[in-house]
Amino acid sequence: MATKKLLLIINPNAGKMKANSTLLELVSKFSSCNYEVTVFPTEKKSDAEKKVVKCGEGYDLVVCYGGDGTLSETVNGIARLDSPPIFSFVPSGTANDFAATVGMPSDIGEAVNKIVNGKNHPLDIGKLYHKHTSGKYFVYIAAFGLFTSVAYTVPQDMKKAFGQLSYVMEGIKQAIDVTSYKMTIEWGDKVIKDDFVIGLITNTTSVAGMFKLDKSKVKLDDGEFELLLVKNPNNPILLSKIIMDLSVQRFDPNYVIFERAAKVKIRCDEAVAWCLDGENGGMYKSVTVENLYKKGTIRI
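Residues numbered from 1 in each chain as written. Predicted model: local features only at pLDDT ≥ 70, side-chain atom pairs only at ≥ 80, totals over all residues. Heavy atoms only, no water.

## Focus: the packing of helix α2 (residues 47-55) against helix α3 (residues 68-79)
Stage number 1. Look at α2 against α3: their axes get within 7 Å of each other, and the N-to-C directions meet at 30°. In terms of their interaxial angle, α2 and α3 are classed as roughly parallel. Between α2 and α3 lies a crossing of right-handed hand. Together, Asp47, Ala48, Glu49, Val52 and Val53 of α2 and Glu73, Thr74, Asn76, Gly77 and Ile78 of α3 make up the contact between the two elements.
Stage number 2. When the residues that make up the contact of α2 with α3 are grouped by side-chain class, the tally is 4 nonpolar, 3 polar and 3 charged. (Axes fitted to C-alpha atoms, helices over the stretch in contact; angles between N-to-C directions. Helix = DSSP H or I, 4+ residues; strand = E, 2+ residues; numbered from the N terminus. Parallel < 35°, antiparallel > 145°, perpendicular 65-115°, else oblique. Left-handed = near helix turned anticlockwise from the far one by under 90°. Contact = heavy atoms within 4.5 Å. Nonpolar A, V, L, I, M, F, W, Y, C, P; charged D, E, K, R; others polar.)

Here it is, written out as structure tokens:
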């Protein structure tokens, strides 16, 4: 049997990383399954993306070990290639939202077994762009507003010390001073103008462990996102209830919009901070978020 080439991208700073012991276990398990493993440890932001762009097409499989941010960087590299390789991941971060969606276990042995013996599945990839940029890609969420920045505003040492609780603590802090945005939002043949406090454009069933979507309503390769928008009720008590209801998939039709869309255009008079896969996605007054139908292939 011919040896297959595997690029293993590792984030040494990810939540559960245990340095040499983890690396040795990963390499050993993949090697025993007839993979020639090349290890690439990231040192700074965008390292994973640049590595995949540079040499990803020369591998049969690209696997990343890290949190949602490491996965997102890897996917950014995959999306920029003309002939992208199959990819997968072993989750080791704090929230691991996408892992929850696709059922990827955090146990290394179980995850490797699933990757080696799993099937290849087409995967939609998202792209956020405006007229002055070439765009940024995401695998499971583009978001703005309340709570959506908790994944990248929580310091790494707090994530390691408190895990998921650190997100809850940061979310409580943000809830004290709620910002709303006067926006014009377009998708399909619909145009809505209103004040919004939260916007989620997703391909996942979990967002920072705080918002949940019904698994039966989320398809990873249907060419559409789930679009969830929350209007500002101008009442903190009512807003708290609306947000609590979101966590159990109850949507108040007076304030919550839940739709599906292949492309969403958003305009605002002020620059809005965006979160892409739990990472800082930049600030823009207008963006287009587009679903790239079956752009990637994931092994799960």
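## Points about unusual backbone geometry
Stage number 1. Notably, Ser46 is not glycine yet its phi reads approximately 75°, a positive angle.
Stage number 2. Position of Ser46 relative to the elements: it lies in the loop between β2 (35-41) and α2.
Stage number 3. In this structure, Lys294 takes a positive phi of about 50° despite not being glycine.
Stage number 4. Tracing the backbone through its elements, the reader meets Lys294 in strand β15 (residues 279-299).

## As for the side chain of His130
Stage number 1. Checked against the element boundaries, His130 lands in the loop between β5 (120-129) and β6 (136-138).
Stage number 2. Discounting chain neighbours no more than four positions away, the residues touching His130 are Tyr284, Ser286 and Val287.

## Structural notes on the pairing of strand β4 (residues 86-91)
Stage number 1. Of all the 6 residues making up β4, 5 are buried; the element is thus mostly covered by neighbouring parts of the structure.
Stage number 2. By the bridge criterion, 6 bridges tie strand β3 (residues 61-66) to β4 in an arrangement that is parallel. By the bridge assignment, Val62 is partnered in β4 with Phe87.
Stage number 3. Handedness of the β-α-β unit built from β3, α3 and β4 comes out right-handed. (Buried < 20%, exposed > 50% of the residue type's maximum accessible area, 1.4 Å probe, protein only. Pairing = 2+ DSSP bridges. Right-handed = clockwise from strand over helix to strand, strands pointing away.)

## Concerning the nonpolar core
Stage number 1. Formed by 59 residues in total, the largest nonpolar core has its most connected members in Leu26, Phe30, Phe89 and Phe98.
Stage number 2. Apart from the residues within four sequence positions on either side, Leu26 is in contact with Leu8, Ile10, Tyr65, Val90, Ile108 and Val112.
Stage number 3. Core analysis: the next-biggest nonpolar cluster, separate from the first, contains 24 residues, Phe196, Ala261, Cys268 and Leu276 among them. (Core = buried A, V, L, I, M, F, W, Y, C linked by side-chain atoms within 4.5 Å.)

## Re helix α9 (residues 236-246)
Stage number 1. Along α9, the residues classified as buried are Leu239, Ile242, Ile243, Asp245 and Leu246. Around the axis of α9, the buried residues are gathered within 160° of arc, so they sit on the same side. Relative to its buried face, α9 has exposed residues pointing more than 90 degrees away, namely Ile237 and Met244.
Stage number 2. Here α9 starts with a cap whose side-chain oxygen sits 3.0 Å from the backbone nitrogen of Ile237, and that cap is Asn235. (Arc of directions from axis to C-beta. Polar contact = N/O pair within 3.5 Å; in protein donor to acceptor, adjacent residues only side chain to side chain.)

## Quick word on the packing of aromatic side chains
Stage number 1. All told, the structure shown has 7 aromatic pairs when counted by the stated rule.
Stage number 2. With a centroid separation of 6.4 Å and 25° between ring planes, the pair formed by Phe98 and Tyr140 is classed as stacked. Taken together, the residues span a long stretch of sequence, with Phe98 in helix α4 (residues 97-102) and Tyr140 in the loop between β6 and β7 (141-145) at a distance of 42 residues. Comparing Phe98 with Tyr140 shows no difference in burial state: the two are buried.
Stage number 3. Taking the ring centre of Tyr35 as reference, the NZ or CZ of Lys4 above it sits at 4.5 Å.
Stage number 4. In this structure, Lys127 packs its charged tip against the face of Tyr129, placed 5.4 Å from the ring centre. (Phe/Tyr/Trp six-rings, centres within 6.5 Å; stacked < 30°, edge-to-face > 60°. Lys NZ or Arg CZ within 6 Å of the ring centre and 35° of its normal.)

## Quick notes on the confidence of the model for the protein chain
Stage number 1. Confidence along the protein chain averages 86 in pLDDT terms, with 85% of residues attaining 70 or more.
Stage number 2. Within the model, the stretch residues 151-155 combines pLDDT values under 50 with 15 contacts to residues more than four positions away or in other chains. (pLDDT = per-residue confidence, 0-100.)

## As for the environment of Asn234
Stage number 1. Within the fold, Asn234 resides in the loop between β12 (225-231) and α9.
Stage number 2. Each C-alpha atom, one on Asn234 and one on Asp195, is 9.5 Å from the other, the two residues being 39 residues apart in sequence.

## Side note on the pattern of salt bridges
Stage number 1. In the structure shown here, the tally under the stated rule is 9 salt bridges.
Stage number 2. In this structure, Glu186 engages Arg267 in a salt bridge whose closest nitrogen and oxygen atoms are separated by 2.5 Å. Of this pair, Glu186 sits in strand β8 (residues 181-187) while Arg267 sits in strand β14 (residues 263-276), and the two are 81 residues apart along the sequence.
Stage number 3. Among the ionic pairs, Lys241 bridges to Asp245, the shortest N-O distance being 2.9 Å. Note that Lys241 and Asp245 are positioned in helix α9 at a spacing of 4 residues, about one turn of the helix.
Stage number 4. Assessed through its relative accessible area of 10%, Asp245 is described here as buried.
Stage number 5. What you see here is one network of salt bridges that share partners, running through Lys241, Asp245 and Arg250. (Salt bridge = Lys/Arg side-chain N within 4 Å of Asp/Glu carboxyl O.)

## Notes on the pairing of β14
Stage number 1. By the bridge criterion, 3 bridges tie β7 to β14 in an arrangement that is antiparallel. Looking across to β14, one finds that Ala143 is bridged to Cys275.
Stage number 2. When β8 meets β14, the two strands line up antiparallel, connected through 5 bridges. For Trp187, the partnering residue across the bridge sits in β14 and is Val264.

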